[in-house]
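Each chain, letter by letter, is given below.
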Amino acid sequence: MNVALFDYGAGNLHSLGKALEEAGARVTVTSDWKDALAQDALVLPGVGAFGPAAAALPKDRAPVREALAAGMPCLGICLGMQLLFDDSEEAAGQGIGLMPGKVRLLDARIVPQMGWNDVETGLDPIFAGVDHLVAYFANSYECVPADLSDAIAWSEYDRIRSAAGARRANTWGLQFHPEKSSRPGRRIIANFVALAREVS
């Protein structure tokens, strides 16, 4: 199972890459979209800001969007989830646009949300074997799907209920960091690798 871990040019990808490898994936860290789309699966990590990350997307987003819509497995984490949507209040630039909707600033008294929070999960197989999820968040923005059926998990922060997970085709977005969320988070990453292997 060859997984492309996309590098926006910011942050440390080590912990996420290690978690993917522990789940049985062969990880290629790349900033080349042709290379990334040639792998069996794609992971968009959760490090950085929307503006620079959006600038790292190809000028023509259509090939990425079409590959994901056609079923290429993808996991977007935190910022990576936000890139799956149309755009963000954080900065100018367009996301991939696989999931219609917006990314907006959390209307909370303390921003960013930093730390552990309960996650209400649905029946999606990405959460198989995870009975009670308490996950690590580090975000100032929330994803607002235009179609609420895209949401597969929810969390509440300062009385604000937000989508903590979303899915279209074989693309999953998670607003929290599974690689930093102890054993349940590692199980989610292992589930993604297993699901991606089934597709490939």
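K.L.:
Please explain the sheet that holds strand S10 (residues 141–145) as it appears in this structure.
P.N.:
The strands that make up a sheet are held in pairs by hydrogen bonds between backbone atoms, and each pair lies either parallel or antiparallel. Strand order in the open sheet formed by 4 strands is S6-S5-S7-S10, and the pairing between neighbours is mixed. Every interior strand has two partners, whereas the edge strands, strand S6 (91–94) and S10, have only one. Two elements, strand S5 (residues 87–88) and strand S7 (residues 101–105), share 2 bridges in a ladder whose sense is parallel. Opposite Asp87, over in S7, you have Lys102 as the bridge partner.

K.L.:
What's the story with empty space enclosed by the protein in this structure? I'm lost.
P.N.:
In this approach a probe as big as a water molecule rolls over the atoms, and the regions it shows empty are the leftover space. Counting across every chain of the model gives 1 cavity of 30 Å³ or more. By volume, the largest cavity is sized at about 60 Å³. Lining the largest cavity are 14 residues, with Leu106, Gln113, Asn139, Ser155 and Ser162 sitting closest to its centre. When contributions to the lining of the largest cavity are tallied by element, the ones reaching two or more residues are strand S9 (133–139), S10, strand S11 (151–157) and strand S12 (160–168). Looking at the lining of the largest cavity residue by residue, the class counts come to 7 nonpolar, 5 polar and 2 charged.

K.L.:
What am I meant to see in helix H6 (residues 182–199) here?
P.N.:
Residues spaced three or four apart along an α-helix point in a common direction, a consequence of the helix completing one turn every 3.6 residues. Relative to the 26 Å expected for 18 residues at 1.5 Å per residue, H6 spans 26 Å between its end C-alpha atoms, a close match to the ideal helical length. Within H6, burial applies to Gly185, Ile188, Ile189, Asn191, Phe192, Val193, Leu195 and Ala196.

K.L.:
Please explain the environment of Ala49 as it appears in this structure.
P.N.:
Mapped onto the secondary structure, Ala49 falls in the loop between strand S3 (41–44) and helix H3 (50–55). Taking C-alpha positions, Ala49 is 7.9 Å from Glu90, a pair spaced 41 residues apart along the chain. Other than its neighbours up to four places away in sequence, Ala49 contacts Leu79 and Glu90.

K.L.:
I tried to follow unusual backbone geometry on my own but got confused; where do I start?
P.N.:
Across the chain, the bulk of peptide bonds are trans and the bulk of non-glycine residues have phi less than zero. A cis amide bond links Val111 with the next residue in sequence, Pro112, at an omega value of 10 degrees. Within the secondary structure, Pro112 is located in the loop between S7 and strand S8 (113–121). The phi dihedral of Asp158 is positive, around 50 degrees, even though this residue is not glycine. With respect to the helices, strands and loops of the structure, Asp158 is situated in the loop between S11 and S12. Not every positive phi belongs to a glycine, and Arg159 is a case in point at roughly 65 degrees. Within the element layout of this structure, Arg159 appears in the loop between S11 and S12.

About the criteria used
- Residues numbered from 1 in each chain as written.
- Predicted model: local features only at pLDDT ≥ 70, side-chain atom pairs only at ≥ 80, totals over all residues.
- Heavy atoms only, no water.
- Pairing = 2+ DSSP bridges.
- Helix = DSSP H or I, 4+ residues; strand = E, 2+ residues; numbered from the N terminus.
- 1 Å grid on protein atoms, 1.4 Å probe; cavity = no way out; pocket = protein on both sides within 12 Å on 5 of 7 lines; lining within 4 Å.
- Points joined across faces, edges and corners; volume = space filled by probe spheres on them.
- Nonpolar A, V, L, I, M, F, W, Y, C, P; charged D, E, K, R; others polar.
- Expected span 1.5 Å × (residues − 1).
- Buried < 20%, exposed > 50% of the residue type's maximum accessible area, 1.4 Å probe, protein only.
- Contact = heavy atoms within 4.5 Å.

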